[in-house]
Amino acid sequence: YALIGIPLYLVILDGVGKLLGKLVRRVAKKAHSARKWSVNRVKQLAWAITFAIGLCLFFLLPAFVVSSAESWTYPESLYYMFISLSTIGFGDYVAGRQKGQQYLGAYKAMMFVWIACGLVFLAMLFDLMKRGIERIDTEESKVETQSDG
């Protein structure tokens, strides 16, 4: 599993993240052409909306569900959300494994879907950030080339 499964999952994660990044860019381009807003305004709005939706779907709302199901405080659940999605995973909090706790049948499946989708969301954010950094680097190189010539 470690030799094939993890690298394969990372490739799939990267591909789906890039696909979602394209979707966000496509929606931003449509907003730019439909509203005649400046490119910078559309970029900022797209980032803000994407970040807000992801924050709610992958941190705030699941933390509420987990705090109820696991009898953790909300800050403990937020900590678990961050540690799990960042793939640090200290193991000090593990969902679905409390002794004497009864869980709904779909709870563990929901946690798996949450982690998989959350990782895809983070991959999309990383792809968008990488593209932004590459664009800045390209623009700086053009400026340096023009000033040298």
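None of the values given here were measured: they were computed from a predicted structure.

Concerning the pattern of salt bridges
Part 1: Within this structure, the stated rule accounts for 1 salt bridge.
Part 2: Across the pair K18 and D14 runs a salt bridge, and its minimum N-O distance is 3.4 Å. Here K18 and its partner D14 are both found in helix 1 (residues 5-35), 4 residues apart, which amounts to about one turn of the helix.
Part 3: Judged by its relative accessible area of 28%, K18 is partly exposed.

Quick word on helix 3 (residues 74-85)
Given 3.6 residues per turn, any residue in an α-helix points the same way as the ones three and four places further on.
Part 1: Look at helix 3: 16 Å from first C-alpha to last across 12 residues, which is about the 16 Å you get at 1.5 Å a residue.
Part 2: Where helix 3 is buried, its residues meet helix 2 (39-70) and helix 4 (107-148).
Part 3: T87, located one to two residues past helix 3, shows a positive phi value of around 60°.

Concerning the packing of helix 2 against helix 3
Part 1: Packing of helix 2 against helix 3 brings their axes to within 8 Å, and their N-to-C directions diverge by 125°. Comparing the axis directions of helix 2 and helix 3 gives the class oblique. The handedness of the crossing between helix 2 and helix 3 is right-handed. Residues F58, F59, L60, P62, A63, F64, V66 and S67 of helix 2 lie in contact with helix 3, whose contacting residues are Y74, S77, L78, Y80, M81, F82 and L85.
Part 2: The class makeup of the residues in the contact of helix 2 with helix 3 is 13 nonpolar, 2 polar and no charged.

What counts and how
- Residues numbered from 1 in each chain as written.
- Predicted model: local features only at pLDDT ≥ 70, side-chain atom pairs only at ≥ 80, totals over all residues.
- Heavy atoms only, no water.
- Salt bridge = Lys/Arg side-chain N within 4 Å of Asp/Glu carboxyl O.
- Helix = DSSP H or I, 4+ residues; strand = E, 2+ residues; numbered from the N terminus.
- Buried < 20%, exposed > 50% of the residue type's maximum accessible area, 1.4 Å probe, protein only.
- Expected span 1.5 Å × (residues − 1).
- Contact = heavy atoms within 4.5 Å.
- Axes fitted to C-alpha atoms, helices over the stretch in contact; angles between N-to-C directions.
- Parallel < 35°, antiparallel > 145°, perpendicular 65-115°, else oblique.
- Left-handed = near helix turned anticlockwise from the far one by under 90°.
- Nonpolar A, V, L, I, M, F, W, Y, C, P; charged D, E, K, R; others polar.

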